[in-house]
Amino acid sequence: MKIMVNLEGTDDYREFDIDENLSILDLKANLSTVFDFSWNEMELLLNERTLANHLILKNIKIDDNVITLRKVKSNLAASRNLSLSNTSSQNSGGNSLGQVFSQYMSNQRTGTGNTINTSGGNRGGGYNYNPLSALMSSFRSNAKEQFIKKRVKELHDRFLTSPDDLNSLFNSNPELAEAIVSGNTPKVESIVRKQVEEAEQKRKNEEMEYIRLMNSDQNDPEVQQKIAKIIQQKNIDENLRQAEEYMPETLFPVHMLFINLEINKQKVVALVDTGAQSTVMSQDLCKKCDLFNLCDTRFSGIAKGVGTSRIIGTVHAAQMKVQGKVLMAKITVIENSSIGFIFGLDNMRAHRCTIDLKQNGLIFPELGVTAKFLSDGEIKKIKEEQEEEDEKMAIEEAKKASLNNK
């Protein structure tokens with residue numbers, strides 16, 4: 001429902017879109033985020049009649065009337081800091097936090113006041129404080145700590161049982177990964193707490209900006225654009241939160257599917273790619289596997305895909321081993337040396353292959369074998385070995401060139 005609120009004695013009229021099921025106390029709490037004084041310094045009047053805190057908005061006939069907001073002197077101004085030590089508990093007449101809260105809620109229902117006197121007979125004087133604020137602050141603090149501890153446990157359970165995910169975490173957040181591996185729980189808690197606090201601060205800043213814009217000129221196109229952008233970002237953030245909660249694995253980089261093959265006793269790591277129309281091999285790898293003498297150059301041309309490369313020719317029937325079983329495959333040889341080996345759709349169809357992500361492998365039903373997909377760690381190790389080998393070959397070629405020049 002829409003209501004109009006006027007700050008008494010000023011021309012400050014503001015319109016709010018409020019849930020009709022809120023109480024007057026809830027409305028005050030909302031208004032305290034807009035005006036520069038707290039809810040317990042507010043008095044709301046409708047047609048010069050004070051609205052009690054326990055009243056529900058939908059039960060009040062507001063219609064087109066304006067609610068007047070009056071600032072009153074807080075009876076909490078003389079409050080002192082509440083000590084919850086054993087000594088003060090005894091001196092306060094034995095009031096527990098639960099009893100204080102029950103008394104407070106009873107007062108709110110009857111409209112007898114916003115504060116509770118916790119003075120005891122042994123004290124020289126009493127003092128008032130806001131137990132609801134204390135309870136809510138304590139609740140938020142406890143909920144935050146419980147969330148952090150739960151999150152830390154989730155991180156340990158997830159990454160200590162999944163080497164692949166742990167490798168991905170080392171790439172995206174090495175500090176957190178090292179703390180998890182070393183068992184440094186306080187460090188993990190510190191990192192998670194920092195992330196939570198940054199998220200809280202960001203949310204508070206966004207809320208304050210949203211409130212500021214909502215109280216600006218609503219007909220200003222620039223204001224409307226900023227409000228729309230904030231709402232869109234809130235939807236995106238909520239979408240991300242759902243992904244983090246229900247599909248955390250999607251937030252980490254996914255590696256491609258690789259399998260081990262053997263060609264002429266040469267071990268080959270093959271990329272399984274259903275998007276590749278043909279099975280392809282680089283010219284360098286073809287020579288290394290001693291197949292270049294079978295390359296039919298009559299089938300040369302240009303290969304187009306992500307970029308282009310010259311096709312040297314085709315090996316019509318190459319023998320390959322998968323898990324010790326022999327199969328025949330047609331291979332297109334291309335000039336690009338960075339390609340390596342791609343096991344494409346042509347041979348997958350020819351051998352009735354099935355990609356099974358549950359079993360984590362490429363199934364060859366005719367051979368009765370399953371080629372397991374390599375883990376992230378295995379892929380990383382192979383890449384490192386390949387880089388070392390390429391570096392050695394480059395050094396050898398440089399030496400040969402140097403000798404030839406002499």
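Criteria and thresholds
Residues numbered from 1 in each chain as written. Predicted model: local features only at pLDDT ≥ 70, side-chain atom pairs only at ≥ 80, totals over all residues. Heavy atoms only, no water. Helix = DSSP H or I, 4+ residues; strand = E, 2+ residues; numbered from the N terminus. Buried < 20%, exposed > 50% of the residue type's maximum accessible area, 1.4 Å probe, protein only. Contact = heavy atoms within 4.5 Å. Areas by Shrake-Rupley, 256 points an atom, 1.4 Å probe, with all protein chains shown as cover. Phe/Tyr/Trp six-rings, centres within 6.5 Å; stacked < 30°, edge-to-face > 60°. Lys NZ or Arg CZ within 6 Å of the ring centre and 35° of its normal. Pairing = 2+ DSSP bridges. Axes fitted to C-alpha atoms, helices over the stretch in contact; angles between N-to-C directions. Expected span 1.5 Å × (residues − 1). Disulfide = S-S within 2.5 Å. Patch = residues over 30% accessible without salt bridge, like charges linked within 9 Å, V, L, I, M, F, W, Y side chains within 5 Å. Salt bridge = Lys/Arg side-chain N within 4 Å of Asp/Glu carboxyl O. Lys, Arg positive; Asp, Glu negative; His and termini not counted. Charge placed at Lys NZ, Arg CZ, Asp CG, Glu CD. Parallel < 35°, antiparallel > 145°, perpendicular 65-115°, else oblique. Left-handed = near helix turned anticlockwise from the far one by under 90°. Nonpolar A, V, L, I, M, F, W, Y, C, P; charged D, E, K, R; others polar. Core = buried A, V, L, I, M, F, W, Y, C linked by side-chain atoms within 4.5 Å.

> Even after reading the chapter, I still don't get the overall build of the protein chain, so can you show me in this structure?
Regarding its fold elements, the protein chain presents 11 helices and 17 strands. The burial tally for the protein chain puts 32% of its 406 residues in the buried class. Across the protein chain, the fraction of contacts at a sequence separation of at least 24, relative to all contacts at a separation of at least 6, is 52%. Per element, the accessible surface of the protein chain, about 25900 Å² overall, is 49% carbon and sulfur.

> How do you make sense of the packing of aromatic side chains when you look at a structure like this?
The geometry of two aromatic rings is summed up by the distance between their centres and the angle between their planes. Under the counting rule described, the total for this entry stands at 1 aromatic pair. Taking the centre distance of 6.0 Å and the plane angle of 65 degrees together, the rings of Phe343 and Phe364 count as edge-to-face. Of this pair, Phe343 sits in strand β14 (residues 341-343) while Phe364 sits in strand β16 (residues 361-364), and the two are 21 residues apart along the sequence. Take Phe343 and Phe364: they sit in the same class, and that class is buried. The ring of Phe292 is capped by Lys287, whose NZ or CZ atom sits 5.2 Å from the centre of that ring.

> I tried to follow the sheet that holds strand β15 (residues 354-356) on my own but got confused; where do I start?
Remark on secondary structure: sheet strands pair via backbone hydrogen bonds, oriented parallel or antiparallel. Read across the open sheet, the 3 strands follow the order β15-β16-β17; overall the sheet is antiparallel. Looking at the sheet topology across the chains shown, the edges are occupied by β15 and β17 (369-372). Adjacent strand axes in the sheet meet at a mean angle of 30 degrees, parallel and antiparallel pairs treated alike. Looking at chain direction, β15 and β16 are connected through 3 bridges and run antiparallel. In the sheet register, Ile355 faces β16, and the bridge partner there is Leu362.

> Would you mind going over the sheet that holds strand β2 (residues 13-17) with me for this structure?
Taken together, the 5 strands give an open sheet; going across it, the order is β2-β1-β5-β3-β4, and neighbouring strands pair in mixed fashion. In this open sheet, the two strands that pair with only one neighbour each are β2 and β4 (49-50). Bridge count for strand β3 (residues 42-46) against strand β5 (residues 66-71) is 5 bridges, and the pairing is antiparallel. Bridged to Leu46 within β5 is Ile67.

> I'm lost on the environment of Leu213 in this one. Help?
Tracing the sequence through the fold places Leu213 in helix α7 (residues 185-214). Assessed through its relative accessible area of 2%, Leu213 is described here as buried. Leu213 sits 10 residues away from Val223 along the chain, and the two C-alpha atoms are 6.3 Å apart. With residues up to four places along the chain from it excluded, the contact list for Leu213 reads Gln218, Val223, Lys226, Ile227 and Ile230.

> Where do I start with α7 in this structure?
Quick reminder: α-helices carry 3.6 residues per turn. Residues three or four places apart thus point the same way. For α7, with 30 residues, the first-to-last C-alpha span of 43 Å sits near the 44 Å given by 1.5 Å per residue. Buried residues of α7: Val188, Glu189, Ile191, Val192, Val196 and Leu213, and no others.

> Teacher, can you tell me more about the environment of Ile24 here?
Mapped onto the fold, Ile24 is located in helix α1 (residues 24-31). For Ile24, a relative accessible area of 0% translates into the label buried. Residues Ile24 and Leu57 lie 33 residues apart in sequence; the distance between their C-alpha atoms is 6.7 Å. Setting aside residues up to four positions removed in sequence, Ile24 forms contacts with Leu44, Leu51, Ala52, Asn53, Leu55, Leu57 and Ile60.

> Can you walk me through unusual backbone geometry in this structure?
Glycine aside, residues mostly have negative phi angles, and peptide bonds mostly take the trans form. The phi angle at Glu48 is positive, at roughly 65 degrees, despite the residue not being glycine. Locating Glu48 in the fold gives a position in the loop between β3 and β4. At Gln323, a residue that is not glycine, the phi angle is positive and equals roughly 55 degrees. For Gln323, a relative accessible area of 53% translates into the label exposed.

> Honestly, the environment of Val326 in this entry has me stumped. Any pointers?
Tracing the backbone through its elements, the reader meets Val326 in strand β13 (residues 325-334). Note: C-alpha distance between Val326 and Ile263 (63 residues apart in sequence) is 9.7 Å.

> I keep staring at the state of the cysteines and nothing clicks. Help me out?
Disulfides are covalent bonds that connect the sulfur atoms of two cysteines. This structure, assessed with the given rule, holds 0 disulfides. Lacking any disulfide linkage, Cys295 is separated from the closest cysteine sulfur, that of Cys286, by 5.7 Å.

> How should a negative patch on the surface be read in this particular structure?
Taken together, the side chains of Glu384, Glu385, Glu387, Glu388, Asp390 and Glu391 present a region of like negative charge at the surface. With respect to the element layout, Glu391 can be found in helix α11 (residues 376-405). Look at Glu391 and you get exposed, because its relative accessible area is 51%.

> Would you take a moment to explain the packing of α7 against helix α8 (residues 221-246) for this structure?
Geometry of a packed helix pair, given as the angle between the helix axes and the separation of the axes. With their axes 10 Å apart at the nearest point, α7 and α8 run at an angle of 150 degrees to one another. It follows from the interaxial angle that α7 and α8 lie roughly antiparallel. Viewed along their axes, α7 and α8 form a crossing whose handedness is left-handed. For the pair formed by α7 and α8, the contact residues are Lys202, Glu206, Glu209, Tyr210, Leu213 and Met214 on the first element and Val223, Lys226, Ile227, Ile230, Ile231, Gln233, Lys234 and Asp237 on the second. A per-class count over the contact of α7 with α8 returns 7 nonpolar, 1 polar and 6 charged.

> I would appreciate a short explanation of the side chain of Thr332 in the present structure.
Mapped onto the elements, Thr332 comes out in strand β13. Those residues in contact with Thr332, other than ones at most four positions away along the chain, are Ser278, Thr279, Val280, Met281, Ile311, Gly313 and Thr314.

> I tried to follow the nonpolar core on my own but got confused; where do I start?
The nonpolar side chains of a soluble globular protein tend to be buried with one another. Within the largest apolar cluster, 31 residues are counted, with the highest numbers of intra-cluster contacts made by Met281, Phe341, Phe343 and Phe364. Within the residue set of this core, elements represented by two or more residues are β8 (258-263), β9 (266-272), α9 (283-288), β12 (307-322), β13, β14, β16 and β17. A total of 5 residues in this core trace back to one element, the largest contributor, which is β12. What Phe343 contacts, discounting residues up to four positions off in sequence, is Ala270, Leu271, Val272, Asp273, Thr279, Met320, Met348, Cys353, Leu362 and Phe364. If you look at the next biggest cluster of nonpolar residues, it comprises 21 residues, including Ile18, Phe35, Met42 and Leu57.

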